[in-house]
Amino acid sequence: MKEFTYTIKEPVGIHARPAGMLAKEAKTCQSTVTIVDKNGKSVDATRLMALIGMGIKCGDTVSGEVLQRASVIPASCTAAAAAARRQPRLLFEGGSPMITIQGKGVSAGVGVGPLYFYRRATAEIKRYTVEDTDAEWHRFKGAQTGAIEQLGALAEQARKEAGDEAAMLFETHQMMAEDLDYEEAIEDRIVNQKMNAEAAVSDTSEQFAEMFASMDDAYMQARAADVKDVSQRILGILCGIVQGGIASDVPVLLCADDLAPSETIQLDKTKVLGFI
C-alpha cells in the first residue's frame, strides 16, 4: 500500500473538472485509490459525484491510499472556462407588439436582426410501476450509453473549436453520466422500487442536484446544473426528444434565459448575430 498527502492550492478547490481528472486517472490504475478529506471522510477516487460532494477547498489537505501497484498524481485544478443554455422559437410574428429586452453588455459591438427566443424541449416524466425490471434497467443503460457517446462527440467538437479546457467540461459530464453512485441510485429505484427509467433518472437527478445545492460553496452549488444537464440528456433519449437548432433562414439575435455549454456548442454559429 502507498500513501500520499496533498494540499489543495487552486482557489476554487477540487471542483467538477479537477475531480473528473482525478477520477479519470484513478480508473486507469490497477488498484483501489481512496481519498480522505480533513474530517476523515473517505471515498473511492473513481466515484466522481462523491469526490465533488466532499467539498474540498483551497488550503485543505487530503490524504490517500493506493492499494496494489499504481501511480497516482493528484489532479491540479484548472480555471473554469464559462460557456453559456434550448428548442428555439421565433419571438415576434407579424402584428405582435414591440417589447424591450434588456441585458448586461459583456462584449463590444452592435448586432441587428430578428429576435429568436430559445426554449428547451422538455420531457414529460411519466411514472408507473414496471414488472420487468431487468428490461427497464437495460433500457436505461441504452440511454446512458447514448448520452455518453453524444457527450464524447461534443467533447471532440469543443476541442477543435476551443481547445482541451473546453473539451474537459464535456468529458466531466461523460464521467457524471457513468458515475457509480449516480448509476447505483438509479438501479436501486428501478430494481428495488420498480420505478420506470424516466422517473428513476428524474428522482436521482434531483437527489444529487440537492446535494450540491446544499453545499456552502457557491461554485459547488452551481454544479447542480451539471447534474441536471446530464440527466436531461439521458431523459431526452429515453423520451425520444430531439433538441432543435435555430430554425431560421437568416441570422438571428438569440434570446435565452440561460444556455448550457452542451447547447451552446451545438448552435450553428453562422446563424447567431449575438446573444441576449
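Relevant structure appears above.
Below is a short write-up of the structure.

Structural notes on the nonpolar core
Part 1 of the argument: By size, the foremost hydrophobic cluster in this structure holds 51 residues, and its most contacted members are I35, L51, I52, F140, I186, V201 and I234.
Part 2 of the argument: Element by element, the count of residues in this core is highest for helix α6 (residues 197-213), at seven residues.
Part 3 of the argument: Those residues in contact with L51, other than ones at most four positions away along the chain, are A19, L22, A23, I35, V43 and A45.

A short note on the packing of helix α3 (residues 133-162) against helix α4 (residues 164-177)
Part 1 of the argument: In the contact formed by α3 and α4, the axes pass within 7 Å of each other and the chain directions differ by 170°. As far as their axial angle goes, α4 and α3 are roughly antiparallel. Of the residues in α4, those touching α3 at Q144, I148, L151, G152, L154, A155, A158, R159 and A162 are D164, A166, A167, F170, E171, H173, Q174 and A177.
Part 2 of the argument: Across the contact of α3 with α4, the residue classes break down as ten nonpolar, four polar and three charged.

Some points on the side chain of D179
Part 1 of the argument: The topology assignment puts D179 in the loop between α4 and α5 (180-192).
Part 2 of the argument: A distance of 3.1 Å separates a polar atom in the side chain of D179 from the backbone nitrogen of D181.
Part 3 of the argument: Of note is the side chain of D179, whose polar atom sits 3.2 Å from the backbone nitrogen of Y182.
Part 4 of the argument: In this view, D179 contacts T46, R47, L48 and M49; residues no more than four positions away in its chain are not counted.

Quick word on α5
Part 1 of the argument: Its 13 residues give α5 an end-to-end C-alpha distance of 17 Å, which sits within 8% of 18 Å, the value for a rise of 1.5 Å per residue.
Part 2 of the argument: Buried within α5 we find Y182, E183, A185, I186, R189 and I190. Looking straight down α5, one finds that the buried residues subtend no more than 160° of arc, so they occupy a single side.
Part 3 of the argument: As for α5, its buried residues are in contact with α2 (48-53), α3, α4, α6 and α8 (224-239).
Part 4 of the argument: Phi for K194, located one or two positions after α5, is positive at around 60°.

Things to note about unusual backbone geometry
Part 1 of the argument: Here K194, not a glycine, exhibits a phi torsion of approximately 60°, which is positive.
Part 2 of the argument: With respect to the helices and strands, the residue K194 is situated in the loop between α5 and α6.
Part 3 of the argument: Accessibility expressed as a relative area gives 35% for K194, which makes it partly exposed.

Examining α8
Part 1 of the argument: The terminal C-alpha atoms of α8 lie 22 Å apart, and with 16 residues this matches the ideal 22 Å at 1.5 Å per residue to within 8%.
Part 2 of the argument: Residues A224, D226, V227, D229, V230, S231, R233, I234, L235, G236 and L238 constitute the buried set of α8.
Part 3 of the argument: After α8 finishes, the residue G240 shows a positive phi value of roughly 75°.

Observations regarding the pattern of salt bridges
Part 1 of the argument: Taken as a whole and judged by the stated rule, the model has twelve salt bridges.
Part 2 of the argument: Measuring nitrogen to oxygen at the nearest pair gives 2.8 Å for the salt bridge that ties E136 to R139. Residue E136 and its partner R139 are both found in helix α3; the two are separated by three residues, about one turn of the helix.
Part 3 of the argument: Judged by its relative accessible area of 8%, E136 falls in the buried class.
Part 4 of the argument: Take R139: its relative accessible area is 28%, and that puts it in the partly exposed class.
Part 5 of the argument: Each of E156, R159, D164 and E171 takes part in a single network of salt bridges with overlapping partners.

Overview of the pairing of strand β4 (residues 61-67)
Part 1 of the argument: Of the two faces of β4, the one holding V62, G64 and V66 is buried and the one holding T61, S63, E65 and L67 is not buried anywhere.
Part 2 of the argument: In terms of strand pairing, strand β1 (residues 2-7) meets β4 through six bridges, oriented antiparallel. Residue pairing for β4: T5 is matched across the bridge by S63.
Part 3 of the argument: Here five bridges tie strand β2 (residues 32-36) to β4, and the two strands are oriented antiparallel to one another. Within the sheet, the bridge partner assigned to V36 lies in β4 and is S63.

A short note on the sheet that holds β2
Part 1 of the argument: What the four strands build is an open sheet, ordered β1-β4-β2-β3; its pairing is antiparallel. Lying at the two open borders of the sheet, with one neighbouring strand each, are β1 and β3 (42-44). Averaged over all pairs of adjacent strands, the angle between their axes in this sheet comes to 25°, without regard to strand direction.

Overview of the packing of aromatic side chains
How two aromatic rings sit relative to each other is given by the distance of their centres and the angle of their planes.
Part 1 of the argument: Scanning all chains against the criterion turns up two aromatic pairs.
Part 2 of the argument: Judged by centre distance (5.3 Å) and plane angle (35°), the rings of W137 and F140 are tilted. Residue W137 and its partner F140 are both found in helix α3; the two are separated by three residues, about one turn of the helix. Both residues of the pair, W137 and F140, belong to the buried class.

Rules of the game
In this convention, every chain numbers its residues from 1, walking through the sequence in written order. Local features are withheld for residues below a pLDDT of 70 in this predicted model, meaning they are given only at 70 or higher, and side-chain atom pairs are given and counted only at 80 or more; totals for whole chains, interfaces and linings count all residues. For side-chain calculations, the full set of non-hydrogen atoms in the structure is used, while hydrogens and water are omitted. Definition of nonpolar core: a set of buried residues of the types Ala, Val, Leu, Ile, Met, Phe, Trp, Tyr and Cys, connected through side-chain atoms within 4.5 Å. Buried residues are those whose accessible area, probed at 1.4 Å on protein chains only, stays under 20% of the maximum for their type, while exposed residues exceed 50% and partly exposed ones sit between those limits. Put simply, DSSP marks the helices as runs of H or I at least four residues long and the strands as runs of E at least two long, and each gets a number from the N terminus on. Contacts are assigned to residue pairs with any non-hydrogen atoms lying within 4.5 Å of each other. Convention adopted: a line fitted to C-alpha atoms gives each axis, helices being fitted over their contacting stretch, and angles between N-to-C directions are expressed from 0 to 180 degrees. Orientation is classified from the angle alone, with under 35 degrees giving roughly parallel, over 145 giving roughly antiparallel, 65 to 115 giving roughly perpendicular, and any other angle giving oblique. Classification convention: Asp, Glu, Lys, Arg as charged; Ala, Val, Leu, Ile, Met, Phe, Trp, Tyr, Cys, Pro as nonpolar; all other residues, Gly among them, as polar. Two N or O atoms form a polar contact when they lie within 3.5 Å of each other; inside protein one atom must be a possible hydrogen donor and the other a possible acceptor, and for residues adjacent in sequence the pair counts only when both atoms belong to side chains. The span expected for a helix works out to 1.5 Å for each residue beyond the first. This arc describes the spread of directions from the helix axis toward the C-beta atoms. Here, a salt bridge means any Lys or Arg side-chain nitrogen found within 4 Å of an Asp or Glu carboxyl oxygen. A pair of strands is treated as paired once DSSP finds two or more bridges between them. Stacked, tilted and edge-to-face are the three classes assigned to paired rings of Phe, Tyr and Trp, where Trp is represented by its six-membered ring and a pair needs centres within 6.5 Å; plane angles under 30 degrees give stacked, over 60 edge-to-face, the rest tilted.

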